[in-house]
Amino acid sequence: MFSQEEKEFFMREAMQEAKKAGDNEEVPIGAVIVKDGEIIARGYNRREIDKQAIHHAEITAIEEANRVIGNWRLLDCALFVTIEPCVMCAGAIGLARIPEVYFGATNPKFGAVKSLYQILEDERLNHRVQVEHGILEADCAAIMQDFFSARRKK
């Protein structure tokens, strides 16, 4: 378990990743994966950059963590992500066996962890994840709101 100070620290790191995405005209979502109190992987949305539909922040962070650890199972890790994961990312989190997920703002249109579905806590699945949301929620939401507001003005 993390202290509130640690959760906010790691979420700010994820927000820095989201900024990288926004700077590249990507939807500004960022993620970090933590093991033993250290960030072992970072990711941000790269769909436009990589021309890959599946290159969401969580997926790029999971791929990097798999390489760092040398295993597909991310058993003693925690994922911090600025926005609630979608169905694809929630599935990937479960498949990677990540035991803890912390996210900032909910995603009423695509969220698959709290908003539309609760995939990570579904008792019908063999892997359930401890989920906490609302960490720096207003700041995480503002990143998205500012991005889409600027896009609409263009």
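The structure presented is a predicted model; accordingly, all values stated were derived computationally and were not measured.

Annotation from UniProt places "domain: CMP/dCMP-type deaminase" (unreviewed entry) at residues 5–132. Across residues 5–132 one finds 35% helix and 23% strand; the C-alpha atoms that close the span lie 14 Å apart.

Approximately 540 Å³ is the volume found for the largest pocket. Here the element with the most residues in the lining of the largest pocket is helix α5 (residues 137–153); it accounts for five residues. Per-class residue counts for the lining of the largest pocket are 12 nonpolar, five polar and five charged.

Turning next to the packing of helix α3 (residues 57–69) against helix α4 (residues 87–95). Where α3 meets α4, the closest approach of the two axes is 9 Å, and the angle between their N-to-C directions is 25°. One element, α3, and the other, α4, form an angle in the roughly parallel class. As for the relative orientation of α3 and α4, their crossing is left-handed in sense. On α4, the residues touching E58, I59 and I62 of α3 are M88, C89, A92 and I93. Per-class residue counts for the contact of α3 with α4 are six nonpolar, no polar and one charged.

Calculation notes
- Residues numbered from 1 in each chain as written.
- Predicted model: local features only at pLDDT ≥ 70, side-chain atom pairs only at ≥ 80, totals over all residues.
- Heavy atoms only, no water.
- UniProt positions renumbered as here; feature names shortened; annotations may be inferred.
- Helix = DSSP H or I, 4+ residues; strand = E, 2+ residues; numbered from the N terminus.
- 1 Å grid on protein atoms, 1.4 Å probe; cavity = no way out; pocket = protein on both sides within 12 Å on 5 of 7 lines; lining within 4 Å.
- Points joined across faces, edges and corners; volume = space filled by probe spheres on them.
- Nonpolar A, V, L, I, M, F, W, Y, C, P; charged D, E, K, R; others polar.
- Axes fitted to C-alpha atoms, helices over the stretch in contact; angles between N-to-C directions.
- Parallel < 35°, antiparallel > 145°, perpendicular 65-115°, else oblique.
- Left-handed = near helix turned anticlockwise from the far one by under 90°.
- Contact = heavy atoms within 4.5 Å.

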